[in-house]
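This is what each chain is made of:
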Amino acid sequence: MTAPDLTESVLRRLGLAGVTPGTAKRRRRRRAFLRATLCAVVVGAGGLVVTLLSSQPQPLAPTVPSAIRHDLQQHGRTIDRTVRTIRGIARQLPTLTVPASSRHDGPDAQVSDDGVEPSI
Amino acid sequence: MRSTTVIAICLLSGRAVLAGDPFEAAALAPPDVRLFVHIDNAARLRGQLHNRPIGRWVRSWLAQGELPAAWERLANAAGLTEADFFDKCLGRRVTLMSRAGEFSSEWVVLTEIEPDVSAALLRSLSPRVLAPSNDVGVFHLAEQALVLARADRLVLIAPDDGRGLFDAVVPNLHRAPDVSLAQHEAVLRGTILGTELGGDPGQARAAVLIQHAPPLGGWSVAVAGLDDDRVRVRHASRFDSAPFRSRVTALTWDPSPLRCLEGTGFLGYIEPTDTSGGPFDAFVATLLGEPLISQALGDNLGARRITAVSDVEGRLEDPPFDLLLPTVARAYEVLDAARAWSQVDTHMIRLVAALNQLGQGSFELAVPDPADFEPGRPRSVPIGPMARWLFGDIAGIDQVSLNWTVAGAGGAATRWCIVASHPDHLDAVTAALENDARCLPIAGEQGGWTTSGIGHGRRLAQNLASWSTHAETLAAPEDVAAMRDALDLLRELAQGVDRCRWRMTRPTAESVTTEAEFELSPPESSEQ
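Thresholds, definitions, all that
- Residues numbered from 1 in each chain as written.
- Chains lettered and ligands numbered in written order.
- Predicted model: local features only at pLDDT ≥ 70, side-chain atom pairs only at ≥ 80, totals over all residues.
- Contact = placed C-beta atoms within 7 Å.
- Nonpolar A, V, L, I, M, F, W, Y, C, P; charged D, E, K, R; others polar.
- Axes fitted to C-alpha atoms, helices over the stretch in contact; angles between N-to-C directions.
- Helix = DSSP H or I, 4+ residues; strand = E, 2+ residues; numbered from the N terminus.
- Parallel < 35°, antiparallel > 145°, perpendicular 65-115°, else oblique.
- Left-handed = near helix turned anticlockwise from the far one by under 90°.
- Pairing = 2+ DSSP bridges.
- Core = buried A, V, L, I, M, F, W, Y, C linked by C-beta atoms within 7 Å.
- Buried ≥ 20, exposed ≤ 12 C-beta atoms within 10 Å, placed from the backbone.
- Domains from an automatic or database assignment.

Draft legend 1. Focus on the interface of chain A and chain B. On the side of chain B, 32 residues touch chain A, which itself brings 27 residues to the contact. When grouped by side-chain class, the residues that make up the side of chain A that touches chain B number 14 nonpolar, 11 polar and two charged.

Shown next, in the form of structure tokens:
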């Protein structure tokens, strides 16, 4: 009775001999499967992160606080402009306190520096 | 007595304790809160103002900004209309508090919402739940950049980027602090004003407190109540540096003659004569070299002087013009009518001569001759050229005149020396003040008032509308649009108030109190 020849299999396991086509095919499939799984995990994790980040609520302009700030500034400007406009009507009155004695008597009386000589 | 009792209660308790006190929330506020605004029954207030012109003005004012859009989005997120969301969130008792923060002002809104309603609203809005603070649930509504805290019925709202005041108030929601805004002198005064104002618990009421920044310093506090179409206001201020230029009156007088002027113009006010000598008087004296009131006439003055502002329809003038030209009348109470005639005649002649001198002859005003005056008849001197120089090229300005008379000389209880810028206005004021029946004193109206006045908003609105169409006569070409916007803004506001009355006193040189009443213009639907 002869003993089985294990030389080939021992050498293959030691990496000193080539693998059979079937084994090589199996190994290629396993590597391909592992790469595909790894890619899927990376893509899935990335997607999850993106999804989580995008679902975090972000302030939508204008928010109520920003609108209040904006409106207070805008209405403040409007009121300020209104007051300045109304003051503009009376602006000529204080300049009239220039004493009459200091007014020009000459032919250029209508174009004095303060510009408030009688316009009639 | 009642005021003293209220102060005693407040001092003993350390905070406002009256039921329905509009300053109740001050007990939760830090002492450095500078602005405190509280509204009771805001939903009712919204409903009462909605169809009135004043409500329309508020809406159009708000619509110019971004808040309506932001509010609509927030309301929609809660599955409600804007009005329903307002009523649910802010419709009962709501308080705005603000203070100066490190970089900008910080504010919070404290509102009262039934727990089941606030829970439902929070479910709809889905805020992020943050770690509780002092056993108070805290939430972050990132879409609106708001933080919220909820403790039983109280909900505190603040912006998430300036939450210093929010963090200071949150611990107080369960337990009021020992030191708070409630101990401030202004809160105690406001509580008293609220008690004096009265009103039923369901009434819409508002309260405002401001701590003024230097250099003015001090504080102002006011409470207001809306009763159908009537807003009643009580106000008090105390300043570190008072902005008043006039003296505190030493007179006790009766403002009832003001009632006679109802219907004669759009503004009228009455003052004591011992507070005159302000900037206007100094301006006239400097400009003309003559005092506004001569020494002789001054010695003959009674306790009161009235200023009335009205307008004349330019289309009825000769020549006609398309403008409601404002007219001013001033009535001085005099002790001796016969002496007043000669005193005012003499003084007006001197004033007209002084005006001629001011214009260096170019005004060509006719200085009246006393021999031409008819005894007991009103006098009139045209001063159109001077008015044109002073106010510019305004339609109808040439028809301005200086008119004067003495009213009540025929035996009326009170005599008045009246000066007006138009003869029709002089006649109207004279007729009103000679109507003794309407001018009779009312018991309890005597007081040391600083001023008392009446205003007619809708008549003022008509006048402003007239000016709006002639804005180019008031402003430089580049400012015409701004002038028209300003006039329209004021016109719409005036349109919302039918009539108003006020009385002001100055107990000391640094303090002032006001009682005012505004009759709102009726809802637009009922006017049609």
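There's plenty left to go through after this.
Draft legend 2. Broad picture of the packing of helix H15 (residues 457–468) of chain B against helix H16 (residues 480–495) of chain B. All names here are of chain B. Interhelical geometry of H15 versus H16 gives an angle of 160 degrees and a closest axis separation of 8 Å. The pairing of H15 with H16 is recorded here as roughly antiparallel in orientation. Crossing angle aside, the handedness with which H15 passes H16 is left-handed. Along the contact surface, H15 presents Gly457, Arg458, Leu460, Ala461, Leu464, Ala465, Trp467 and Ser468, while H16 presents Arg484, Leu487, Asp488, Leu490, Arg491, Ala494 and Gln495.

Draft legend 3. Representation of the pairing of strand E8 (residues 204–211) of chain B in the model. Residues and elements named next belong to chain B. As judged from the six bridges shared by strand E1 (residues 35–40) and E8, these two strands associate in the antiparallel manner. Following the sheet pairing, Phe36 is matched in E8 by Leu209. Of the pairings in the sheet, the one linking E8 to strand E9 (residues 219–227) comprises eight bridges and is antiparallel in character. Note that in E9 the partner of Leu209 across the bridge is Val221.

Draft legend 4. Summary view of the nonpolar core. In this structure, Ala26, Ala29, Val108, Leu156, Ile418 and Val429 of chain B are the most contacted members of the largest nonpolar core, which totals 106 residues. Residues from two domains meet in this core; each of domain 1 (2–238) and domain 2 (256–456 + 500–505) of chain B gives at least three.

Draft legend 5. Molecular detail of unusual backbone geometry. Residues and elements named next belong to chain B. Pro215 follows Pro214 through a cis peptide bond whose omega is 5 degrees. The topology assignment puts Pro215 in the loop between E8 and E9. The amide bond that connects Asp318 to the next residue, Pro319, takes the cis arrangement and shows omega of 0 degrees. By secondary structure assignment, the location of Pro319 is in the loop between strand E12 (301–313) and strand E13 (324–334). Its identity is not glycine, yet Asp135 carries a phi of approximately 65 degrees, on the positive side. Examined against the element boundaries, Asp135 turns out to sit in the loop between strand E4 (128–133) and strand E5 (136–141). Given 11 C-beta atoms within a 10 Å radius, Asp135 is considered exposed.

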